[in-house]
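# Fold and contact review
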Amino acid sequence: MKNILITFDSTNYAIQCETVLKEKGIKGQIMPTPREITKSCGISIRVDYEELEKIKDLIDDGKIKVKMLYSFGEERIFEPIL
Amino acid sequence: MKVVDCKGLTCPKPVILTKKAIEDPDFDEIEVIVDNEASRENVRKYLQSANVDFNIEEKEGFFHFYAKKKGEVKKVDEPIVCSISNISVDQGLTYVISSDKLGVGDDKLGAMLMKSFIYSLTETAEKPGTVIFLNSGVKLTTEGSDVLDSLKKLEELGTEILSCGTCLDFYGLKEKLAIGTVTNMYTIVEKMNATKTIKI
């Protein structure tokens, strides 16, 4: 199953994003930012890959502030989405 | 495409059925459906060693394998082990979660840290044998909780999930328990005495 990992510059942006996703009915899973990406105690949100367009719209509309988007699947290889 | 439907079956059945379908001389493409984490791991391991192309999709709680022939199918004669690689459930380890927030401080941060913590439990190799939810911790095991998926996964892997009955009652959540079972203080004390306990 393909997923998107959303990372943030601050925990507050992660909290804000979680709220926005809930409002929009997009299922988001809070998870620690994988060690492959950062050593710090970061919070990320995982969403289904199918939600990519919706996430992009939210970013464009300034509703959520993200650091980076990655795609990843079962094998946990994180590829940045540009 | 042939479908091997293993819903409701536990290890080693799904692996045996998958093996039969793959080693069939007519095998070209199959779909295998399993409904639990352990079977997913074991079917995945088998397909890897059998030298076939496959991918896994999760749909409505079921795992769908799409396997395709890529060359000579390798006969796997090793016995099927019903376990998940590297994952162990330590029956001598208990976690007590006594709040729906992790740590003391801002509630929003605490709620988020708790979600992150419980998600991490699903991904680490060593699982606690028991997780006990107390006080506002029972908000995590009842309807509306954001961590039910993670807790379900843990339970499937063999962790016992217990919620304090008094606490469920106090918060009016008795009818809303969504995962695990109800327990009382005697059981909680006995568990804590008998195992290494970590209070979260």
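Just so it is clear, the structure is predicted and the values come from calculations on it, not from any experiment.

Attention shifts here to the overall build of chain A. In terms of regular secondary structure, chain A is built from two helices and five strands. Going residue by residue from the N terminus, the α and β elements of chain A occur as β-α-β-β-α-β-β. Relative to the 2.2 N^0.38 estimate, which gives 12 Å for 82 residues, the radius of gyration of chain A is 12 Å and therefore close to what a compact globule would have. For chain A, the spread of C-alpha atoms along the principal axes amounts to about 30 × 25 × 20 Å. Considering only residue pairs separated by 6 or more positions, chain A has 64% of its internal contacts joining residues 24 or more positions apart. Looking at chain A as shown, the accessible area adds up to about 4,800 Å², and 48% of this sits on carbon and sulfur atoms. The average position of the 13 basic charges and that of the 14 acidic charges among the side chains of chain A differ by 5 Å.

Time to look at the sheet that holds strand 8 (residues 181-183) of chain B. All names here are of chain B. Across the sheet, which stays open at both edges, the five strands sit in the order 8-7-6-5-9 with parallel pairing between neighbours. One side of each edge strand has no neighbouring strand; the edge strands of this open sheet are strand 8 and strand 9 (196-199). Each adjacent strand pair in this sheet contributes to an overall mean axis angle of 35°, direction not counted. As defined by bridge partners, strand 7 (residues 160-164) adjoins strand 8 across three bridges and the pair is classed as parallel.

A separate point is the interface of chain A and chain B. On the side of chain B, 16 residues touch chain A, which itself brings 15 residues to the contact. Carbon and sulfur atoms supply 57% of the area that chain A and chain B bury against each other, a total of about 1,400 Å² over both sides. A salt bridge links A:E18 to B:K115; the shortest N-O distance between them is 2.3 Å. Among the elements of the structure, helix 1 (11-23), strand 2 (28-32) and strand 3 (43-48) of chain A are those that each provide at least two residues to the side of chain A that touches chain B. Top contributing element to the side of chain A that touches chain B by residue count: helix 1 of chain A, with five residues. Broken down by class, the residue content of the side of chain A that touches chain B amounts to seven nonpolar, two polar and six charged.

A few words now on the domain arrangement of chain B. What the domain assignment lists for chain B is domain 1 (2-69) and domain 2 (88-199). Each of domain 1 of chain B and domain 2 of chain B has a C-alpha centre, and these two points are 32 Å apart.

To continue, consider the nonpolar core. Residues and elements named next belong to chain B. Grouped together as the largest cluster of nonpolar side chains are 25 residues, with contacts concentrated most on I97, I118, F133, L140 and L151. Counting residues per element, the ones that place at least two in this core are strand 5 (88-97), helix 3 (107-123), strand 6 (126-133), helix 4 (148-156), strand 7 and helix 5 (165-170). By residue number, the principal contributor to this core is strand 5, which donates four residues. Setting aside anything within four residues of it in sequence, one finds L151 in contact with I118, F133, L140, T141, I161 and I179.

This part covers the packing of aromatic side chains. A full pass over the atoms with the stated rule returns four aromatic pairs over all chains. When the ring of A:F72 is compared with that of A:F78, the centres are 4.8 Å apart and the planes differ by 35°; the resulting orientation is tilted. Each member of the pair A:F72 and A:F78 is classed as buried. Each ring, one from B:F54 and one from B:F65, has its centre 6.1 Å from the other, and the planes form 40°; the classification is tilted.

Turning our eyes to something else, we now look at the state of the cysteines. All names here are of chain B. Applying the stated criterion across every chain yields a total of one disulfide over all chains. Two residues, C164 and C167, share a disulfide whose sulfurs are 2.3 Å apart. In this structure, the disulfide formed by C164 and C167 twists by about 80° around the S-S bond and is classed as right-handed. Across the pair, exposure class does not vary: C164 and C167 are buried alike.

In this section: the pattern of salt bridges. Counting across every chain of the model gives 15 salt bridges over all chains. A salt bridge links B:E123 to A:R76, with the shortest nitrogen-to-oxygen separation between them at 3.0 Å. Note that B:E123 is positioned in helix 3 and A:R76 in the loop between strand 4 (68-72) and strand 5 (79-80), a pairing that runs across two chains. Residue classification places A:R76 among the partly exposed positions, given a relative accessible area of 28%. Here B:K59 and B:E57 are joined by a salt bridge, their closest N and O atoms 3.9 Å apart. According to the relative accessible area criterion, B:K59 is partly exposed, its value standing at 35%. Several salt bridges share partner residues, and in doing so they unite A:E18, A:K22, B:K115 and B:D146 into one network.

How each quantity is defined
- Residues numbered from 1 in each chain as written.
- Chains lettered and ligands numbered in written order.
- Predicted model: local features only at pLDDT ≥ 70, side-chain atom pairs only at ≥ 80, totals over all residues.
- Heavy atoms only, no water.
- Helix = DSSP H or I, 4+ residues; strand = E, 2+ residues; numbered from the N terminus.
- Rg over C-alpha atoms; globule rule 2.2 N^0.38 Å.
- Contact = heavy atoms within 4.5 Å.
- Areas by Shrake-Rupley, 256 points an atom, 1.4 Å probe, with all protein chains shown as cover.
- Lys, Arg positive; Asp, Glu negative; His and termini not counted.
- Charge placed at Lys NZ, Arg CZ, Asp CG, Glu CD.
- Pairing = 2+ DSSP bridges.
- Axes fitted to C-alpha atoms, helices over the stretch in contact; angles between N-to-C directions.
- Buried area = accessible area lost by both parts, 1.4 Å probe.
- Salt bridge = Lys/Arg side-chain N within 4 Å of Asp/Glu carboxyl O.
- Nonpolar A, V, L, I, M, F, W, Y, C, P; charged D, E, K, R; others polar.
- Domains from an automatic or database assignment.
- Core = buried A, V, L, I, M, F, W, Y, C linked by side-chain atoms within 4.5 Å.
- Buried < 20%, exposed > 50% of the residue type's maximum accessible area, 1.4 Å probe, protein only.
- Phe/Tyr/Trp six-rings, centres within 6.5 Å; stacked < 30°, edge-to-face > 60°.
- Disulfide = S-S within 2.5 Å.

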